[in-house]
Amino acid sequence: MGRKSPYPVEVRNDAVALFRAAGGRRTYAAVAADVGVTGETLRSWVRQADEQAGRAAGSGEKGSESRDEELVRLRAELSRLRKAEKE
């Protein structure tokens, strides 16, 4: 594969969750600007998350996957709220 990402897994998961939470109302570039990465980086993270979800669903782990996704979504929301509170 490629080189190791300088971003922690939590940051990547939160960014993917923020993009998905937008439900198509925001572009990769718009969400990526909020996170501090490029649109192409975020697009890559979303694609990787989709691939990993496909593998997990294929192995019968769908129940735990939805809990993990909810946790990621909630962490992203908490991060966004804390950031907004500081402003």
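Going by the structure above, here's the rest.
A brief look at the structure comes next.

1. Structural notes on the overall build of the chain
Move 1: Counting its secondary structure elements, the chain contains 4 helices and 0 strands.
Move 2: Along its sequence from the N terminus, the chain presents helices and strands in the succession α-α-α-α.
Move 3: The buried share among the 87 residues of the chain stands at 23%.
Move 4: Total accessible area on the chain is roughly 6,500 Å²; 52% of this is exposed by carbon and sulfur atoms.

2. What about helix H1 (residues 9–21)?
Move 1: Under the 1.5 Å per step criterion, the end-to-end length of H1 is 18 Å for 13 residues, consistent within 8% with the ideal 18 Å.
Move 2: Buried within H1 we find Asp 14, Ala 15, Val 16, Ala 17 and Phe 19.
Move 3: Directly after H1, the chain includes Gly 23, whose backbone phi takes a positive value near 60°.

3. With respect to the nonpolar core
Move 1: Judged by nonpolar contacts, Ala 15, Val 16, Phe 19, Val 31, Ala 32, Val 37, Leu 42, Trp 45, Val 46 and Ala 49 together constitute the single largest core of 10 residues.
Move 2: Those elements that provide at least two residues to this core are H1, helix H2 (28–35) and helix H3 (39–58).
Move 3: The element that contributes the greatest number of residues to this core is H3, accounting for 4 residues.
Move 4: Leave out the neighbours within four places in its chain, and Ala 15 touches Val 31, Val 35, Leu 42 and Trp 45.

4. Quick word on the pattern of salt bridges
Move 1: Evaluated as defined, the whole model comprises 5 salt bridges.
Move 2: In this structure, the salt-bridge partner of Glu 70 is Arg 73, at a minimum N-O distance of 3.9 Å. Within this pair, Glu 70 and its partner Arg 73 are both found in helix H4 (residues 62–86), separated by 3 residues, close to a single helical turn.
Move 3: Given the relative accessible area of 39%, Arg 73 is considered partly exposed.

5. Some details on the packing of H1 against H2
Move 1: For the pair H1 and H2, the least separation of the axes is 10 Å and the interaxial angle reads 140°. Taken together, the axes of H1 and H2 are oblique relative to one another. Our pair here, H1 against H2, has a crossing hand that is right-handed. For the pair H1 and H2, contact is made by Ala 15, Leu 18 and Phe 19 and by Tyr 28, Val 31 and Val 35, respectively.
Move 2: Of the residues belonging to the contact of H1 with H2, the class tally is 6 nonpolar, no polar and no charged.

Procedures and definitions
Residues numbered from 1 in each chain as written. Predicted model: local features only at pLDDT ≥ 70, side-chain atom pairs only at ≥ 80, totals over all residues. Heavy atoms only, no water. Helix = DSSP H or I, 4+ residues; strand = E, 2+ residues; numbered from the N terminus. Buried < 20%, exposed > 50% of the residue type's maximum accessible area, 1.4 Å probe, protein only. Areas by Shrake-Rupley, 256 points an atom, 1.4 Å probe, with all protein chains shown as cover. Expected span 1.5 Å × (residues − 1). Core = buried A, V, L, I, M, F, W, Y, C linked by side-chain atoms within 4.5 Å. Contact = heavy atoms within 4.5 Å. Salt bridge = Lys/Arg side-chain N within 4 Å of Asp/Glu carboxyl O. Axes fitted to C-alpha atoms, helices over the stretch in contact; angles between N-to-C directions. Parallel < 35°, antiparallel > 145°, perpendicular 65-115°, else oblique. Left-handed = near helix turned anticlockwise from the far one by under 90°. Nonpolar A, V, L, I, M, F, W, Y, C, P; charged D, E, K, R; others polar.

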